[in-house]
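Fold and geometry: a report
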Amino acid sequence: MSQHVEQLFERLWQDYISRTPSAPKVHEVLGKGHPIVNDHVAFRTFDIAPVRLEALAQHFLDLGYKEGGDYHFEAKKLRAKHFEHEDPTLPKVFISELMTEEFSDSLQAKVKEMVSHINPEDVKKDDFLYSGTHWQVSHEDYQALLEESEYAAWMAAFGFCANHFTVSVNQLPGYTDLEEVNQTLKDNGFKLNTSGGEIKGSPEVYLEQSSTMANHHPVEFSDKTVEIPSCFYEFAKRYEIEPGKLYSGFVAASADKIFESTNAS
Ligand code: OOG
Ligand code: NI
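Report follows, based on the coordinates. What you are looking at is a predicted structure, and each value in this text was computed from that prediction instead of being measured.

If you tally the helices and strands in the chain, you get nine helices and 12 strands. For the chain, the C-alpha radius of gyration of 18 Å lies close to 18 Å, the compact-globule estimate for 265 residues. Here the C-alpha coordinates of the chain stretch approximately 50 × 40 × 35 Å along the principal axes. By residue count, 52% of the 265 residues in the chain fall in the buried class. The contacts of the chain with a sequence gap of at least 6 include a subset with a gap of at least 24, amounting to 68%. Carbon and sulfur atoms form 48% of the exposed surface of the chain, whose accessible area is close to 12100 Å².

Okay, here's the thing in structure tokens:
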């Protein structure tokens, strides 16, 4: 099983770096040749069968993951859950979904049309989590979605894939503070997400997070190819909730700002 789960993360990583050229550079700059441990990997989806959050989560439940917390994002109209494995070397998984019924009829119709191209059997296959888009959208469709929800537009362009990996700062040799990590990144030309401040969270909520702004990657829409924000890298430092036990959840107020790492800046 462990082989299988490691293979899944390796495939997700290879797919992710194909649209996130800054991710291997993050490893070079922070890891200096040492392996990087990831705190979590994040996925996005729609609240429509057969691709609801729970359908994506099933892949991880089958690999021995257990459900952790759930989270709600009122303004962005999202919900999310996190999953963790008893093997502490495996990354946590954060899966969110767009609550489509809270949007306009035209957004709902567009998303339903997109999802209708997915074969429900394919959702259960091992490669679904990095299967990308199963539909065609025009650049105009993308822009119409963008007006209502950056998240919906991102999903239309990229579909199913890892949205980000997250460096575990606790397990990063040579660093103790997230601030130092951020400084190294900025010194090396990375652009950080400043929404809500460079560092989201605090020791009081047992979690500090920062992230790069997403790379811009060319997407082939049905009518033309346009460079748009793709994926980003996140950095997380966790604090002990009791001696020897790090907080393992997420912080909704911070996550709310991390979502904005795929905004056009
Ligand atoms: C997820 C944003 C939230 C976190 O660690 O709080 C998040 C996303 O952008 O899909 O990753
Ligand atoms: Ni994250």
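Next comes the rest of the description.
A few words now on the pattern of salt bridges. One pass over the structure, following the stated rule, counts 14 salt bridges. Here arginine 19 and aspartate 15 are joined by a salt bridge, their closest N and O atoms 2.9 Å apart. Judged by its relative accessible area of 9%, arginine 19 is buried. By relative accessible area, aspartate 15 is classed as buried at 17%. Here glutamate 113 and lysine 110 are joined by a salt bridge, their closest N and O atoms 3.5 Å apart. Remark: lysine 110 and glutamate 113 occur in helix α4 (residues 105–115); sequence separation between them is three residues, near one turn of the helix.

Attention now goes to the site of ligand 1. Near ligand 1, the surroundings consist of His40, Arg44, Phe94, Asn163, His164, Gln209, Phe232, Glu234, Phe250, Ala255, Ile258 and Phe259. Arginine 44 places a side-chain nitrogen or oxygen 2.7 Å from an oxygen atom of ligand 1. Within the side chain of glutamine 209, an N or O atom sits 2.8 Å from an oxygen atom of ligand 1. With the chains in place, 100% of the 320 Å² that ligand 1 exposes on its own is no longer accessible. Of all the cavities here, the one that holds ligand 1 is the largest cavity. Of all the secondary-structure elements, those providing two or more residues to the shell around ligand 1 are β1 (38–46), β10 (232–238) and α9 (252–258).

The subject of this paragraph is the packing of α4 against helix α6 (residues 139–148). Interaxial distance between α4 and α6 falls to 10 Å at its minimum, and their mutual angle equals 130 degrees. Looking at the two axes, α4 sits oblique to α6. Handedness of the crossing formed by α4 with α6: left-handed. On α6, the residues that touch Ser106, Leu107, Lys110 and Met114 of α4 are Asp141, Leu145 and Glu148. Of the residues assigned to the contact of α4 with α6, the class counts are three nonpolar, one polar and three charged.

Moving on to the packing of helix α2 (residues 22–31) against helix α8 (residues 178–187). Packing of α2 against α8 brings their axes to within 10 Å, and their N-to-C directions diverge by 120 degrees. Taken together, the axis directions place α2 and α8 in an arrangement best described as oblique. Crossing handedness for the pair α2 and α8: right-handed. Here Val26, Val29 and Leu30 of α2 lie close against α8, whose contacting residues are Val181, Thr184 and Leu185. Split by residue class, the contact of α2 with α8 holds five nonpolar, one polar and no charged.

Here the focus is the pairing of strand β2 (residues 66–73). By the bridge criterion, six bridges tie β2 to strand β3 (residues 78–84) in an arrangement that is antiparallel. Looking across to β3, one finds that lysine 66 is bridged to glutamate 84. The antiparallel pairing of β2 with β3 creates a hairpin that spans four residues between the two strands, and lysine 77 there sits at a positive phi of about 60 degrees.

Residue proline 50 is reached from alanine 49 by a cis peptide bond, and omega for that bond is 5 degrees. Mapped onto the secondary structure, proline 50 falls in the loop between β1 and α3 (53–61). In this structure, lysine 32 takes a positive phi of about 45 degrees despite not being glycine. Tracing the chain through its elements places lysine 32 in the loop between α2 and β1. One non-glycine residue with positive phi stands out, namely tyrosine 206, at about 65 degrees.

Conventions used here
- Residues numbered from 1 in each chain as written.
- Chains lettered and ligands numbered in written order.
- Predicted model: local features only at pLDDT ≥ 70, side-chain atom pairs only at ≥ 80, totals over all residues.
- Heavy atoms only, no water.
- Helix = DSSP H or I, 4+ residues; strand = E, 2+ residues; numbered from the N terminus.
- Rg over C-alpha atoms; globule rule 2.2 N^0.38 Å.
- Buried < 20%, exposed > 50% of the residue type's maximum accessible area, 1.4 Å probe, protein only.
- Contact = heavy atoms within 4.5 Å.
- Areas by Shrake-Rupley, 256 points an atom, 1.4 Å probe, with all protein chains shown as cover.
- Salt bridge = Lys/Arg side-chain N within 4 Å of Asp/Glu carboxyl O.
- Near = heavy atom within 4 Å.
- Polar contact = N/O pair within 3.5 Å; in protein donor to acceptor, adjacent residues only side chain to side chain.
- 1 Å grid on protein atoms, 1.4 Å probe; cavity = no way out; pocket = protein on both sides within 12 Å on 5 of 7 lines; lining within 4 Å.
- Sits in = over half its atoms within 2 Å of the grid points.
- Axes fitted to C-alpha atoms, helices over the stretch in contact; angles between N-to-C directions.
- Parallel < 35°, antiparallel > 145°, perpendicular 65-115°, else oblique.
- Left-handed = near helix turned anticlockwise from the far one by under 90°.
- Nonpolar A, V, L, I, M, F, W, Y, C, P; charged D, E, K, R; others polar.
- Pairing = 2+ DSSP bridges.

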